[in-house]
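# Topology and contacts: notes
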Amino acid sequence: MTADQVTPEPLRSTSSIGTSLLRRDGVEKVTGDATYAVEHPVTGPAGEPPLHAWLVTSTVARGRVVAVDATAALAHAGVVSVVDHTSAPRLADTSDRELAILQDDAIAFRGQIVAIVLAETSESAREGAALVHVEQEAEPHAAAFQEDSPTYAPESVNGGSETDTLDGDPDEALARALVTVDATYTTPHEHNNPMEPHAATALWDGERLTLHDSTQGPRPVRGTLAPMLGLAEEQVRVLAPYVGGGFGSKGLPHAPEMAVALAAMTVPGQPVRLAVTRQQMFALTGYRTPTRSHVRLGAHPDGRLEALRHDAVTQSSRVKEFAEQAAVPARVMYAAPHRATTHRVAELDVPVPSWMRAPGEMPGMYAQEVAVDELALHAGLDPVALRVRNEPDVDPDTGNPWGNRRLVECLRRGAERFGWADRPTGARATVDGEWWVGTGVAASTYPMLWMPGNIARVRSLDGGRYAVAIAATDIGTGARTVLTQIAADALGCPPEAIDLDMADSDLPFGSVAGGSSGTTSWGTAIVAAAQQFRADHGEHPDPGVETTAASGQYADMDGHALHSFGAVFCEARVHRYTGEVRVPRLLGVYSVGRVVNPRTARSQLLGGLVMGLSAALHEEGWRDPRTGHTVTQDLATYHVAAHADVRDIDAEWLDDIDELSTPMGSRGIGEIGIVGTAAAVANATYHATGVRVRDLPLTADHFLE
Amino acid sequence: MDAEISLTVDGVRRTVMVDTRTTLLDALRERLGVTNPKKGCDHGQCGSCTVLLDGRRHLTCLSLAVANDGAEVTTAGGLRGSDGGLHPVQQAFLDQDGYQCGYCTPGQVCSAVGVLDEIEQGHVSHVSDDLEADPELTDDEIRERMSGNLCRCGAYVGILGAVRQAAAASSEGGAA
Ligand code: FES
Ligand code: FES
C-alpha cells in the first residue's frame, strides 16, 4: 500500500487525551473471553479441526543430527506426522540462521528445533515428541560466558548505535582524577517470560498462510517470514488481537513461528496449533544476554566528573548476532569532558539473545547508577546532589540541545515525596529488629524512538462515527485504548465514536510494539491521517469516504536530543542473619511528556518498576556450561516477582507536554520503568548493610559474612 | 485410552471424551473450547489456569480430567451474573486496572473470588498473626493469598486495589 506522506500538526485541542478511559478490551480480559494465539476456533475449509504440534529439540550444544527415527512416534495413536530436516519444506532464503530451521543437520545450541510432531491431540503430540529418537553427534562447544571468553567488536550494536565512542583522553584523565571508581558490574541471563507462552495457530490453504500469532508486530512477522517462505507478503496474514505480554521476546519473530508455518505447509487445509512449552521458551524465544560492565569514573573533589569509561561485554550466539547496547546510556547521562564507551561480544554456542524490556538501558544503567552511587560515597556527597552537579547542558553524545531533559526535577520531586532528606548519611546506620534498613536512589533514562513507515486509514461511518485502521498491536500496554483516544482528539469526536481496527497485517503498516515506540509512531500516523482526512473531506463528511496517509517524521530527532528521564527511590531491608532482602517502598518519578491515559500509563510504569524489582531480587538464569542447558527453565526455578514481593510501590510523572516528539505531546513509557530500578534497590541494600553488591540479583548470600 | 466424563462448566452440564492423560485444563480448553482459563506453565507454577472447582480455587493444569468426573467448574467466564453483568471482582479489576495483557487475569479473578470466600470462612494463612481468630483482610493477607498467581505485567498494585474494592463492595452489600 502506498499513501501520501503527511507530517501532522500538533494537536491543539485535547479532550480525550489525558483522561483515564477504561481499557477498551477490559471486559474480554477480566472474563477470559479474550482469545489468545491458540484459542481461536480456527478450522480448515471443510471444517478440519486443528492438529497439535510439539517441538523436538536438540540435547547437544553443538554438532549435527545424524538421524531422526520417528518409528515409535508414528506408531503412537494420534500421531499424524513427524517433520524433520529431511522432510521440511525448503526455504527460499536461509540467511537468517535463527529462523531457517530444519533446513540442514547443523545443531548450533542446545534446545534448537530438530523435529516437529503433528498429532490429533496435544497429549499424542507430546508423547510423540518424547518418542522421537534423535541421534546427534556432539562437537566441542563453548557455552559459558566467562571473563576470558574471546570477544570481537560488532559493526554496530542493537538499535543501530555506534559500537565505540571516544571523546578526549579518558585514560589519562582517569589516571590523574582525585576521586575515582573502577569496578565491574554484572547482570545474569534474564528471560522475558511473558505469561502467555509463545504460540501460534497456522493455516496454509495452498495460496495463503494465515497465522494467529502471539507477536508484538504482525507486519514485521509477515515481512520476515514471507520472503523466507518464498511467498509474496500479501500471501501471509498475521493476526494478533490479544497478546499475553512479550516485553521484547515477541518483538522479533523467533524459530517457533517458522516451525508452525513450515508444519502447516505440510498439511494444506488443516490448521496447526503450536504452544511452546514454558521450558522450551528458555532456548527458543530470546532472552537478555548476561552483561559485564567495567565502569571507570574520575571526578574532582567536588564530585564533578572529569572522565567516564563504560566498557561492556555481552554474549551472542554463533547462529545470529545480537549485541546488547549496554554502554549506550552512558553516552547521554552525565557531562564529562573525557569519555569512552565500548561494546564487545563473545560468540558462543548458545541460543540467540534478543530484546528484553529496555535492552541496553536496563543492564547498562544498573552498572552506571551503582557506580555513581559509589562515586558519591567517595566524594562525600549526597547521591542526589552528585547527580545534579553532573547535569549536562547539552546532550554529551550529539551536542544537540535537550528537547525536554527534566531529570533534576524528577530527582527533587522524588526526594521530597520519599523523605530522602531524613536519611542518615552513612551506611549500616539503621537497625529495626532483625533488619538492616537503608534507602537508595538511581536515575533512569530511555530515548524517544519513532519508527518510520507507519500508515493509518480513516473512514467516515454512519452517525458521525469513524473507522480508524493501522496494524498496531496491544500486548497489554493499553495501545487499543490510547490510540482510540488519540484518534478521537485528532478527529474532534468522543472516543465512543471511534472504531479502531488493529492487530491484523492486512491493515495499513504498523511498526513493532517495541522500543517504547508504539504510541509515538502509530499515534503520529493516526493524527496525520485524521488531519489529512479533514483536509480532504471537511468537518461533515459523507459516510464511506476515506483517507490513508503515511506518517512523515514529526519528531525533531535531528535538531534536539529527545529522551525521557526518571528517578527511582527505594527503601530496602536486609535481614541481619539470613541476608534476605525485602523492598517495602519503591517510588519512580518520571518525565515522559504528556500522559495520554493516566490509568494505563500508571500500570505501564508500575509494571516496569515491578520487573526491575524482580531483576533486583530474583531473576537469574543458569546455563550448565557442560551441556549448554538452562537448568532454571521454569517458573519454579527462574523466579519472578510475585504479589507478596510488591509492597508500597508507586509511580508519578511530571506535568509535561513534549511538542518536539509527537503531535500528542507524549513520549513512550513502556520501558523507562525498568531502567534504574535494580540500581536503586542495590544502592539501598548498600546503605542498609555497607555491603556493595555489583552482581545481580541481590540474593541473600551476598549479605552474609 | 479414552474415557467419557461429565463436567458442569459455568452452569452447563457437558459430557466430553478425554484421553486419560488429559488435564482438566486441556479438557476445558482443547476438548470443550472453554478457553477462559489460560495456560501459562502447565506445571502448577503460575496460577493462570485457576478456576473454582466445586467452589474452591484450583489449578486445573495439575489435575487429570478423569479424576474430576462429575465436578462443577466455574471459570472467570462463568462468574458473570445471570444478566451477563460483571461480577464485582471483575468490575474491580477493570476499575483498578488490575491487569495489562489480560493473560493471568481470569486466574487472578477466580483466585480473588476464592480468597474472599476463604476469609469469609475464617481460613488463616501464613501471615495471619492469630491462628485462632478470624483473619482480617489486610493488605498483607491479600498479597500472601494472591501470590500463587504470577503476573508478569506486574499489575500487583492494581490487583491489590481490586481485591480491596471487591471486599468493600461485598461488605457494603452484606450490610444493606
Ligand atoms: S498453567 Fe496451571 S499453574 Fe500455570
Ligand atoms: S496482566 Fe499480563 S501477566 Fe498479568
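The written sequence of each chain sets the order in which its residues are numbered from 1. The naming scheme follows written order: chains are lettered A onward, ligands numbered 1 onward. Totals for whole chains, interfaces and linings use all residues, but because this is a predicted model, local features are given only for residues with pLDDT of at least 70 and pairs of side-chain atoms are given and counted only at 80 or more. By convention in this description, side-chain values take in all heavy atoms of the structure and omit both hydrogens and water.

## Here's the deal with the sheet that holds strand β3 (residues 63-69) of chain A
All names here are of chain A. The cut-off we apply is this: Paired strands, in this sense, are two strands between which DSSP finds at least two bridges. Going along the chain from the N terminus, every DSSP run of H or I of four or more residues is numbered as a helix, and every run of E of two or more is numbered as a strand.
Sheet architecture is open: 3 strands sit in the order β5-β3-β7, paired in antiparallel fashion. A strand with exactly one partner marks an edge of an open sheet, and here the two such strands are β5 (106-107) and β7 (133-138). Across 2 bridges, the pairing between β3 and β5 is antiparallel. Following the sheet pairing, Arg-64 is matched in β5 by Ala-106.

## Structural notes on the packing of helix α8 (residues 361-379) of chain A against helix α14 (residues 677-689) of chain A
Helix-helix packing is described using two parameters, namely the angle between the two axes and the distance between the axes. Residues and elements named next belong to chain A. Convention followed: Lines are fitted to the C-alpha atoms to define the axes, a helix being fitted only along its stretch in contact, and any angle between axes, read from their N-to-C directions, falls within 0 to 180 degrees. Crossings are classed by handedness, with left-handed meaning an anticlockwise turn of the near helix from the far one by less than a right angle and right-handed meaning a clockwise turn. The contact criterion used throughout is that any non-hydrogen atoms of two residues lie within 4.5 Å. For this classification, Asp, Glu, Lys and Arg are treated as charged, while Ala, Val, Leu, Ile, Met, Phe, Trp, Tyr, Cys and Pro are nonpolar and the rest, including Gly, are polar.
α14 packs onto α8 with a crossing angle of 30° between their chain directions and a minimal axis gap of 8 Å. Considering only the axes of α8 and α14, their crossing is right-handed. Contacts from Met-362, Met-365, Tyr-366, Glu-369, Val-370, Asp-373 and Leu-377 of α8 reach α14 at Ala-678, Ala-679, Ala-682, Asn-683 and Tyr-686. For the contact of α8 with α14, a count of residues per class yields 9 nonpolar, 1 polar and 2 charged.

## Side note on the interface of chain A and chain B
Heads up, the condition is: Joining two parts hides part of their accessible area as seen by a 1.4 Å probe, and the buried area is that hidden amount summed over both. When a carboxyl oxygen of Asp or Glu lies within 4 Å of a side-chain nitrogen of Lys or Arg, that pair is called a salt bridge. Distance and chemistry together define a polar contact, namely a pair of N or O atoms within 3.5 Å, with one atom able to donate a hydrogen and the other to accept it when in protein, and with adjacent residues in sequence counting only for side-chain atoms on both sides.
Contacts between the two partners involve 62 residues from chain A, matched on the other side by 50 residues from chain B. Of all residues in chain A, the largest losses of buried area upon contact with chain B belong to A:Val30, A:Met195 and A:His643, amounting jointly to 19% of the total for that side. Our count for the contact surface shared by chain A and chain B stands at 8 salt bridges. B:Arg152 serves as the salt-bridge partner of A:Glu619, at 2.7 Å between the closest nitrogen and oxygen. At the junction of chain A and chain B, the tally comes to 35 residue pairs in polar contact (both at pLDDT 80 or more). Those elements giving two or more residues to the side of chain A that touches chain B turn out to be α1 (26-31), α3 (122-131), α7 (278-284), α13 (598-617) and β29 (648-653) of chain A. It is α13(A) that provides the largest number of residues to the side of chain A that touches chain B, a total of 10 residues. Looking at the side of chain A that touches chain B residue by residue, the classes come out as 24 nonpolar, 23 polar and 15 charged.

## Here's the deal with the packing of helix α11 (residues 479-491) of chain A against helix α12 (residues 518-537) of chain A
All names here are of chain A. For the record, the criterion: In these notes the angle categories are as follows: under 35 degrees is roughly parallel, over 145 is roughly antiparallel, 65 to 115 is roughly perpendicular, and the rest is oblique.
It is at 9 Å that the axes of α11 and α12 come closest, and there the two elements cross at 30°. For the element pair α11 / α12, the angle class is roughly parallel. Crossing angle aside, the handedness with which α11 passes α12 is right-handed. Residues Ala-479, Val-482, Leu-483, Ile-486, Ala-487, Ala-490 and Leu-491 of α11 pack against Thr-519, Trp-522, Gly-523, Ile-526, Val-527, Ala-530, Phe-533 and Arg-534 of α12.

## A few points about the side chain of A:Ser603
Tracing the sequence through the fold places A:Ser603 in helix α13. Contacts of A:Ser603, omitting those with residues within four sequence positions, involve A:Arg23, B:Asp97 and B:Gln100.

## Notes on the sheet that holds strand β21 (residues 455-460) of chain A
All names here are of chain A. Judged by pairing direction, the sheet is mixed, and its 5 strands sit side by side in the order β1-β24-β21-β22-β23 without closing on themselves. Two strands bound the open sheet, and with one partner strand each, they are β1 (4-6) and β23 (498-501). Within this sheet the neighbouring strands show an average axis-to-axis angle of 30°, counted without direction. With 4 bridges joining them, strand β22 (residues 466-469) and β23 adopt parallel strand pairing. Among the inter-strand pairings, Tyr-466 is bridged to a residue of β23, identified as Ile-498. Against the sheet, α11 contacts β21, β22 and β23, and its axis sits at roughly 130° relative to β23. Most of the contacts of α12 go to strand β24 (residues 546-551), to which it runs at about 140°, and overall it touches β1, β21, β22 and β24.

## A look at the domain arrangement of chain B
Residues and elements named next belong to chain B. Going by this rule: For every domain, the bounds stem from an assignment made automatically or drawn from a database.
If you check the domain split of chain B, you get domain 1 (2-79) and domain 2 (88-172). Taking only C-alpha atoms, the centre of domain 1 and the centre of domain 2 are 22 Å apart. For the domain 1 and domain 2 pair, buried surface summed over both sides reaches about 1300 Å², with 54% attributable to carbon and sulfur atoms. Where domain 1 packs against domain 2, one counts 1 salt bridge. Residue Glu-118 pairs with Arg-57 through a salt bridge whose shortest N-O separation is 2.9 Å. Counting across the interface, domain 1 meets domain 2 through 8 residue pairs in polar contact (both at pLDDT 80 or more). Those elements giving two or more residues to the side of domain 1 that touches domain 2 turn out to be β3 (50-53) and β4 (56-59). For the side of domain 1 that touches domain 2, the element with the highest residue contribution is β3, accounting for 3 residues. For the side of domain 1 that touches domain 2, the class distribution of residues is 5 nonpolar, 9 polar and 5 charged.

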